[in-house]
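The residues making up each chain are set out below.
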Amino acid sequence: MKRSRRVALAIVAAATAAVLGAGGCSAGGGGATDAAAGEAGQRVIAPGKPGEPARTLSADEARKEAGDDSPNSADFAYVQMMIEHHRQALVMTALAEKHAGATSVQRLADRIDAAQRPEIDAMKGWLTSHGGPRELQGHDGHGDQGSEHGDHGGQGEGSDEHGGEHSAMPGMATEAQLDNLRKARGKGFDELFLTLMITHHQGAVTMATEALSDGNNVRVEEMATDVIAQQTAEIDRMRKLTP
């Protein structure tokens, strides 16, 4: 089943449960009997696969098809690495506040900062609600991400000690590239910032796309979908600003 269909089924199953619960409480006396009868007669429209018609399911069938969205290792890998990925973007936007030459680049950096800070908070909240960061196979050092590093420059992002971690994530700037960005000013800064940030965004879209394919948790799917939409639009804006 496509994950989008599973999400839709989860929504309608939850809505069905809410309706049945309300119906059971409103009846006097035989509430349990009334609720059971209502559930037996309740029907849910399930989205069909591409090219196939929708199906009508019972409430019980809809709940079964919605499935279990317990997070898997791909969900944890995505969230923990994307937190670090976003943090490097904030390092770059902080530099733009000081060194960008064009007002349009400064405004773009402000928008990126405003979008990614809340996303970091949401991902950290997701980790907390699911038991905290985990050690991830194939991503040395990422087990502690999301809890120890700061959100701005000078607190570990892009430093040599994280070089191995950065190389494991698509689109991450190297320490040498960040050093060049720190030294750049005006038009030269703008050109380098746009080049690095476009690559950075493309890497984020790649990571989010992989999460949609390999993950299992609905909330992670929602966050990854938001990243794809937001950063694809920003890539288009940055390309228009590139000389």
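Worth saying up front: this structure is predicted, and the values here are computed from it rather than measured.

(A) The packing of helix 8 (residues 186-214) against helix 9 (residues 218-241), seen in detail. At a closest axis distance of 9 Å, the pairing of helix 8 and helix 9 adopts a crossing angle of 155 degrees. By the angle class used here, helix 8 and helix 9 are roughly antiparallel. Of the two elements, helix 8 crosses helix 9, and the hand of that crossing is left-handed. Across the interface between the two elements, Leu-194, Met-197, Ile-198, His-201, Gln-202, Ala-204, Val-205, Ala-208, Thr-209, Ala-211 and Leu-212 from helix 8 touch Glu-221, Ala-224, Thr-225, Val-227, Ile-228, Gln-231, Thr-232, Glu-234, Ile-235, Met-238, Arg-239 and Leu-241 from helix 9. Among the residues forming the contact of helix 8 with helix 9, the class breakdown is 14 nonpolar, six polar and three charged.

(B) Seen up close, the pattern of salt bridges. With the rule as written, the count across this model stands at four salt bridges. We note a salt bridge from Arg-117 to Asp-113, for which the minimum N-O separation is 2.9 Å. Here the residue Arg-117 and the residue Asp-113 both occupy positions in helix 5 (residues 103-129), the gap between them amounting to four residues, near one helical turn. Overall, Arg-117 belongs to the partly exposed group, its relative accessible area being 27%. Accessibility expressed as a relative area gives 12% for Asp-113, which makes it buried.

(C) View of the packing of aromatic side chains. This structure, assessed with the given rule, holds two aromatic pairs. Taking the centre distance of 5.8 Å and the plane angle of 15 degrees together, the rings of Phe-189 and Phe-193 count as stacked. Of the two residues, Phe-189 and Phe-193 both sit in helix 8, four residues apart, roughly one turn of that helix. Each member of the pair, Phe-189 as well as Phe-193, is classed as buried.

(D) Representation of the confidence of the model for the protein chain within the structure. With 65% of its residues at a pLDDT of 70 or more, the protein chain has an overall mean of 79. Contacts for the low-pLDDT stretch residues 9-24, under 50 throughout, to residues beyond four places or in other chains number 19 contacts. In this model, residues 139-165 is a region of pLDDT below 50 whose contacts with residues beyond four sequence positions or in other chains number 57 contacts.

(E) Quick peek at the environment of Glu-191. Within the secondary structure, Glu-191 sits in helix 8. Residue Glu-191 is classed as partly exposed on the basis of its relative accessible area, which comes to 35%. For Glu-191 and Gly-101, which are 90 residues apart along the polypeptide, the C-alpha to C-alpha distance reads 9.7 Å.

(F) Representation of the side chain of Asp-190. One can find Asp-190 in helix 8. Lys-187 is the oppositely charged side chain nearest to the buried, salt-bridge-free Asp-190, at an N-O distance of 8.9 Å. For Asp-190, the side chain forms a polar contact with the main-chain nitrogen of Gly-101, separated by 2.9 Å.

(G) Looking closely at a positive patch on the surface. A contiguous patch of positive charge on the surface is contributed by Arg-107, Arg-111, Arg-237 and Lys-240. Among the structural elements, Arg-111 can be located in helix 5.

Criteria and thresholds
Residues numbered from 1 in each chain as written. Predicted model: local features only at pLDDT ≥ 70, side-chain atom pairs only at ≥ 80, totals over all residues. Heavy atoms only, no water. Axes fitted to C-alpha atoms, helices over the stretch in contact; angles between N-to-C directions. Helix = DSSP H or I, 4+ residues; strand = E, 2+ residues; numbered from the N terminus. Parallel < 35°, antiparallel > 145°, perpendicular 65-115°, else oblique. Left-handed = near helix turned anticlockwise from the far one by under 90°. Contact = heavy atoms within 4.5 Å. Nonpolar A, V, L, I, M, F, W, Y, C, P; charged D, E, K, R; others polar. Salt bridge = Lys/Arg side-chain N within 4 Å of Asp/Glu carboxyl O. Buried < 20%, exposed > 50% of the residue type's maximum accessible area, 1.4 Å probe, protein only. Phe/Tyr/Trp six-rings, centres within 6.5 Å; stacked < 30°, edge-to-face > 60°. pLDDT = per-residue confidence, 0-100. Lys, Arg positive; Asp, Glu negative; His and termini not counted. Polar contact = N/O pair within 3.5 Å; in protein donor to acceptor, adjacent residues only side chain to side chain. Patch = residues over 30% accessible without salt bridge, like charges linked within 9 Å, V, L, I, M, F, W, Y side chains within 5 Å. Areas by Shrake-Rupley, 256 points an atom, 1.4 Å probe, with all protein chains shown as cover. Charge placed at Lys NZ, Arg CZ, Asp CG, Glu CD.

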